Amino acid sequence: MTELDKSISVAALFSVVILLAVVEMFFSYMHDSKHYKKSDTMTNIYLMTVAFVINVSMKAGTFMLLQYFYLHYRLFQITNTITYWIVLVLAQDFLYWVLHYTGHYVRLFWAMHVTHHSSEYFNLTTGFRSTVFEPLYRVFFYLPLALMGFNAFDILFAYLITQIYGNMVHTRLVMKLHPVVEYIFVTPSHHRVHHASNLRYLDKNMGMVLILWDRIFGTFQAEVADEEIRYGLTKQPEDTGPVNVIFHEFIALYRDVRRAPTFADKLKYVFYPPGWSHDGSTQTARVMQQAINS
């Protein structure tokens, strides 16, 4: 497959996602299911646009860094085409899980990732509600792929394909699928849990394509039938303007760092999970979950 073929494939698949979003929106309004709100959808499009601009700005640097490590520091090269693509997709999906886990368990990265979780609605356009600053640091999580002998074109192509899959699971219209599918792959049911603000659901189901990583590393949570999902953050920002929706968690982090009594505590506010506090006034999701499960 040539680079042009790959670009056409990505564009076609992304067009399908947009078409599905329009169809979902139509049925939502036809059945008055209130899965969409105009202002929320416009915020999703705004955040996607900002992320797209940053992505384009960083694309050349991302490509050159990946290709440089591939050309000069790769440790081996997989020659069989089928094996090459299977290993690339699996490794890329696992490294995305690591990236996503970091976005939930390191507050500095949560300050950037929080925009993706700030909607109180869950629909296909929520997938466009991007972590706008992620292109600035994402490449460093994918450098191991270049060391494993995957070239920059293929790494970026695999990332875009898995991203499109990740967008498609942002829906409330698809219920639980066959148990085998639910066990292996990320499904809409799994991702509804991920976007929930219910205590038992916080920081769960980080996978993009495979839910197996969450099952292996203890971050899996099934959707519970008798618990209604509340979407959004545990504390929604009052100001949802275009600037605050991106920077509100940075502002909160800055305030916490300022009030920390010691330098060590200041660093902990930056690098410990969201909710950690030096005086115990707030707690992390994991601590609160352990309390209710004990």
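These numbers come from a predicted model, not from an experiment. (Residues numbered from 1 in each chain as written. Predicted model: local features only at pLDDT ≥ 70, side-chain atom pairs only at ≥ 80, totals over all residues. Heavy atoms only, no water.)

Moving on, we come to the overall build of the protein chain. Looking only at helices and strands, the protein chain features twelve helices and zero strands. In terms of overall size, the protein chain behaves like a compact globule, its C-alpha atoms giving a radius of gyration of 20 Å where 294 residues would be expected to give roughly 19 Å. Dimensions of the protein chain along its principal axes, counting C-alpha atoms only, are 55 × 55 × 40 Å. Residues classed as buried in the protein chain amount to 47% of the 294 residues present. (Helix = DSSP H or I, 4+ residues; strand = E, 2+ residues; numbered from the N terminus. Rg over C-alpha atoms; globule rule 2.2 N^0.38 Å. Buried < 20%, exposed > 50% of the residue type's maximum accessible area, 1.4 Å probe, protein only.)

It is worth spelling out the packing of aromatic side chains at this point. Summed over the entire model, instances satisfying the criterion amount to 23 aromatic pairs. With 6.1 Å between their ring centres and 75° between their planes, Tyr-68 and Phe-69 make a pair best called edge-to-face. You can call Tyr-68 partly exposed: its relative accessible area is 40%. Classification of Phe-69 as partly exposed rests on a relative accessible area of 23%. Centroid distance Phe-69 to Tyr-73: 5.5 Å. Interplanar angle 45°. Geometry classified as tilted. You can see Phe-69 and its partner Tyr-73 sitting in helix α2 (residues 38–73), four residues apart, about one turn around the helix. Among the aromatic residues, ring-to-ring pairing joins Phe-94, Trp-97, Tyr-101, Tyr-105, Trp-213 and Phe-217 into one connected group. If you follow Arg-74 out to its NZ or CZ, it ends over the ring of Tyr-70, 4.5 Å from the centre. The positively charged end of Arg-215 is found above the aromatic ring belonging to Phe-220, 4.0 Å away from the centroid. (Phe/Tyr/Trp six-rings, centres within 6.5 Å; stacked < 30°, edge-to-face > 60°. Lys NZ or Arg CZ within 6 Å of the ring centre and 35° of its normal.)

Our next topic: the environment of Tyr-165. Counting through the fold element by element, Tyr-165 comes out in helix α6 (residues 152–168). Taking the C-alpha atoms as reference points, Tyr-165 and Tyr-29, 136 residues apart in sequence, are found 24 Å from one another. In contact with Tyr-165, other than residues within four places in its own chain, are Phe-185, Val-186, Met-208 and Val-209. (Contact = heavy atoms within 4.5 Å.)

Time to look at the nonpolar core. Most often, soluble globular proteins have nonpolar side chains that are buried together. Residues Leu-66, Leu-88, Tyr-142, Leu-145, Phe-150 and Ile-155 are the most contacted members of the largest nonpolar core, which totals 38 residues. Those elements that place two or more of their residues in this core are α2, α3 (81–105), α4 (107–113), α5 (138–147), α6 and α10 (244–259). Considering every element that reaches this core, the biggest residue donor is α3, with eight residues. Those residues in contact with Ile-155 that lie beyond four places of it in its chain are Leu-66, Leu-88, Tyr-142, Leu-145, Ala-146 and Phe-150. (Core = buried A, V, L, I, M, F, W, Y, C linked by side-chain atoms within 4.5 Å.)

So yeah, pure geometry; function would need other evidence.
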